[in-house]
Amino acid sequence: LPPAAGAAEEVLRSATLHVPELVAAGVDVQACLAKRGFLLAPQAEAADASNLPDQQRAGSAAATGNGKHSSGNSSGGGVELFYDAVVVGSGAGGGVTAALLAAAGIRVLVLEKAGWVRRQDMSWLEGQAHAEMYEQAGFLTTDDGGINVLAGATLGGGTKINWTASLRTPEHVRREWAAAPHGLGALGPDSHAFSAALDAVCSRLGVAAGTRMSGPNARLLQGLQQLGVHGEELPRNCLSTRCSAYCNFGCRSGHKQSSDVTWLVDAVRLGAHVLTGVEAQRVLLGQAGSTEAGREAQAHPRSQQATGVLALSAARITPGAATASLQQLQLTVHAPLVVASCGSIHTPALLLRSGITAGGNVGRHLRLHPATGVIGFFEPTAEQTAAGQGAVEMYQGVSMGAFSRAAAGWQEGGYGAMVSVPAAHPGLLAAICPDSSPGALKQMMLHLRNGAGCVVFARDSGSGSVSIDGVGWPVISYWPDKTTQKHLLDGIELAVRALAAAGAKRILVPNNCIDCDLHFEPGAAPEARAAQLEAYIAKLRSAGVYPKYGLQLLSAHQMGSCRMGSNPRSSVCDASGQCWQVAGLYVSDASLFPTASGVNPMITVYGLAHLVGSGIAQRWKAARKGKEAAARQ
């Protein structure tokens, strides 16, 4: 255990409260918050609106309790809190932003709708981990059930349960974002600010190579080498060169540098507070400042001003605690700065519940990196069998440690498919891998120690959307377009060929509608084996991605639903991350992506959040210095 891991947890614990647990226990929540130092009264320093840029002064009155709330925005009971900034979400975007704002002397409150699973509470049991740390226990899907959407729902967000892949934003993606129609030169390959942001986050997260390859990763690299195509070790944000293969159930050892052990801890050390089990219902809005000076200072005048967040405590409580109560507590957070970092599913839902559409752009342009899997089974050696070992030992060592961009099309604009190795455990595999009978499925599951899995995800050229239903829950509408489907098949073919080249005796692609199970004839001549392989690939190509519910698709990367851009007619936020419609409302998560990243998006999210947070902090400090200079005159 890294010595710093235990200390980091204690720092975070000192400023974190799980509200549903207090409500269920009948505790006086307001008194408990006051005892722990949460800000329950207007703060004198924040009352001076000259600490804020012009377009945010209207929200300052609400943040200090001196202004009138707009209709329907009063607390109506419950608990009121008063901060300079409220950050909704605690993942890659929320953690970085909270830390940078706190470092600037801004009083920050972080809201997380889920709970905090500490290391001591991690069971590493698949079902329990999904229930405690995944959206809808891992069963979130698109509206028609065509794609399973895996997303984090825990303090630390997706960084807590992802597979630690730490790839920087590719150059071709940065060129695309800088060019028309996005026009984001600040993200281009020549942008020193964005490059510096990526450097900063990689340094804080300890991103490095040098991981000891596990069986599945070694098999993938072996096959890619045999094919003579690109194969490479993945850089990871993990301090251990050996890994448990259970990263997707939380890091019990403390080596994984997720948001809750890095940036959130930094934020707390600098004075931030954290509430878990509290879900933001809507952004509170007021009328934007109407002074001529304020309007002239804005390149795009905003019609509304964020004044805080209305939230409700959830019924979910800390693992191991008493039975959850259905009673909910309303919390009103007054703050002139609101940062939505809820992820690409919940950030647009929050904005839409608040009546914020940004000209109809909120929720549009959703990308999912549609993905599927391929499994190869290998014959154990006599020595492995004698020792009671499998040929691969899928559940030992690093899960995602190698990748290939041979099918990613990086030289042709970057639209293609990446191939890597997933964290695959029996529950997920049993759910997605069809077989001819219960007995055959059982036999397959018994041989998983001999299996090596590959995950294939495509950089989607098309897009979907996030809307809300009648009660405000997000609804995901998405299916990959023809081009993306073709790229997905390219990636599947690469994975199949790599596993075959590495010596797999059986290859399985999960498809409910056709038999995609290849058994190589034992002892077959190379020519016969090659003929079998080509016939199998032709069959996969012919079947394609359709019909829906045939090829098993999932998404572990959601992006782009509140995208950043230079034109308010086609984007939700400007280059600073501020919403075109609402002053003082910023987005700082993967929903900012103009298009899909084409690689695992974590480092890009961290980098964008670093830009957004740094920009807010710089403007805040400049305004404060201006006020101090004026006071001295």
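Residues numbered from 1 in each chain as written. Predicted model: local features only at pLDDT ≥ 70, side-chain atom pairs only at ≥ 80, totals over all residues. Heavy atoms only, no water.

Asker: How should the overall build of the protein be read in this particular structure?
Answerer: Secondary structure assignment for the protein yields 19 helices and 22 strands. Its C-alpha radius of gyration of 25 Å places the protein within 12% of the 26 Å reference for a compact globule of 633 residues. Structurally, the protein occupies a C-alpha span of about 90 × 55 × 45 Å along its principal axes. For the protein, with 633 residues in total, the buried portion stands at 58%. Across the protein, the fraction of contacts at a sequence separation of at least 24, relative to all contacts at a separation of at least 6, is 76%. Total accessible area on the protein stands at roughly 23300 Å², and carbon and sulfur atoms take up 53% of it. Here the protein contributes 49 positive and 45 negative side-chain charges, whose respective centroids are spaced 4 Å apart. (Helix = DSSP H or I, 4+ residues; strand = E, 2+ residues; numbered from the N terminus. Rg over C-alpha atoms; globule rule 2.2 N^0.38 Å. Buried < 20%, exposed > 50% of the residue type's maximum accessible area, 1.4 Å probe, protein only. Contact = heavy atoms within 4.5 Å. Areas by Shrake-Rupley, 256 points an atom, 1.4 Å probe, with all protein chains shown as cover. Lys, Arg positive; Asp, Glu negative; His and termini not counted. Charge placed at Lys NZ, Arg CZ, Asp CG, Glu CD.)

Asker: Explanation requested: the pairing of strand β12 (residues 371–377) in the structure shown.
Answerer: Working note: regular strand, side chains alternate between the two faces of the sheet. Extensive coverage of β12 is indicated by the burial of 7 of its 7 residues. Residues of β12 alternate between two faces, with Ala-371, Gly-373, Ile-375 and Phe-377 on one and Thr-372, Val-374 and Gly-376 on the opposite face, all of them buried. By the bridge criterion, 7 bridges tie β12 to strand β15 (residues 451–458) in an arrangement that is antiparallel. Paired with Ala-371 across the bridge in β15 is Phe-457. Sheet topology note: the β12/strand β18 (residues 506–508) ladder contains 3 bridges and is antiparallel. (Pairing = 2+ DSSP bridges.)

Asker: Even after reading the chapter, I still don't get the nonpolar core, so can you show me in this structure?
Answerer: Across soluble globular proteins, you tend to see nonpolar side chains buried next to one another. By size, the foremost hydrophobic cluster in this structure holds 97 residues, and its most contacted members are Leu-81, Val-108, Leu-111, Leu-275, Leu-351, Leu-585 and Tyr-606. If you tally residues by element for this core, the top one is helix α19 (residues 602–632), at 10 residues. Residues in contact with Leu-275, not counting those within four places in the same chain, are Leu-17, Val-19, Leu-33, Phe-38, Leu-109, Val-110, Leu-111, Glu-112 and Leu-331. Counting 47 residues, the second-largest nonpolar core is a separate cluster that includes Val-374, Ala-452, Cys-454 and Ala-504. (Core = buried A, V, L, I, M, F, W, Y, C linked by side-chain atoms within 4.5 Å.)

Asker: I would appreciate a short explanation of the confidence of the model for the protein in the present structure.
Answerer: Segments scoring low in pLDDT should not have their predicted coordinates read at a detailed level. Mean pLDDT over the protein: 89, with 90% of residues reaching 70 or higher. Segment residues 47–51 is flagged for pLDDT under 50; beyond a separation of four residues in sequence, or across chains, it makes 15 contacts in the model. Per-residue pLDDT stays below 50 along residues 290–297; that stretch engages in 8 contacts with residues further than four places along the chain or on separate chains. (pLDDT = per-residue confidence, 0-100.)

Asker: Mind showing me how you'd approach the packing of aromatic side chains here?
Answerer: Aromatic rings in a pair are described by how distant their centres are and how their planes are angled relative to each other. This structure, assessed with the given rule, holds 3 aromatic pairs. Taken together, a centroid distance of 4.9 Å and an interplanar angle of 10° make the contact between Trp-124 and Tyr-246 stacked. You can see Trp-124 sitting in the loop between β4 (108–112) and α6 (126–133) and its partner Tyr-246 sitting in the loop between β6 (232–233) and α11 (263–269), a full 122 residues away along the chain. Residue Tyr-246 is classed as partly exposed on the basis of its relative accessible area, which comes to 22%. Through successive ring pairs, a cluster of aromatic residues spans Trp-124, Tyr-246 and Phe-249. Here the guanidinium or amino end of Arg-252 rests over the ring plane of Trp-124, the centre of that ring lying 4.0 Å away. The side chain of Arg-529 reaches across the aromatic face of Phe-520, ending 3.8 Å from its centre. (Phe/Tyr/Trp six-rings, centres within 6.5 Å; stacked < 30°, edge-to-face > 60°. Lys NZ or Arg CZ within 6 Å of the ring centre and 35° of its normal.)

Asker: Could you clarify how one ought to interpret the environment of Arg-119 in this entry?
Answerer: Position of Arg-119 among the secondary structure elements: in the loop between β4 and α6. Residue Arg-119 is classed as buried on the basis of its relative accessible area, which comes to 18%. Between the C-alpha atoms of Arg-119 and Ile-476, which are 357 residues apart in sequence, the distance is 32 Å.

Asker: It is not clear to me how the pairing of strand β9 (residues 304–313) should be interpreted in this structure. Could you clarify?
Answerer: In terms of residue burial, β9 counts as a mostly covered element, since 8 of its 10 residues are buried. Both strand β8 (residues 278–287) and β9 contribute to a ladder of 9 bridges, which runs antiparallel. Looking at the pairing, Val-278 lines up with Ser-313 of β9. With 2 bridges connecting them, β9 and strand β21 (residues 582–583) associate as parallel partners. Bridging across to β21, Gln-304 finds its partner in Val-582. Sheet topology places β9 next to strand β10 (residues 330–334); 5 bridges connect them, and they run antiparallel. Residue pairing across strands places Ala-311 opposite Leu-331, the latter belonging to β10.

Asker: Is there a simple way to think about the side chain of Gln-305 in this case?
Answerer: Within the element layout of this structure, Gln-305 appears in strand β9. The class for Gln-305 is buried, based on a relative accessible area of 0%. Within the structure, Gln-305 has its side chain in polar contact with the backbone oxygen of Pro-336 (distance 3.3 Å). Only 3.4 Å separates the side chain of Gln-305 from the backbone oxygen of Ala-583, close enough to count as a polar contact. (Polar contact = N/O pair within 3.5 Å; in protein donor to acceptor, adjacent residues only side chain to side chain.)

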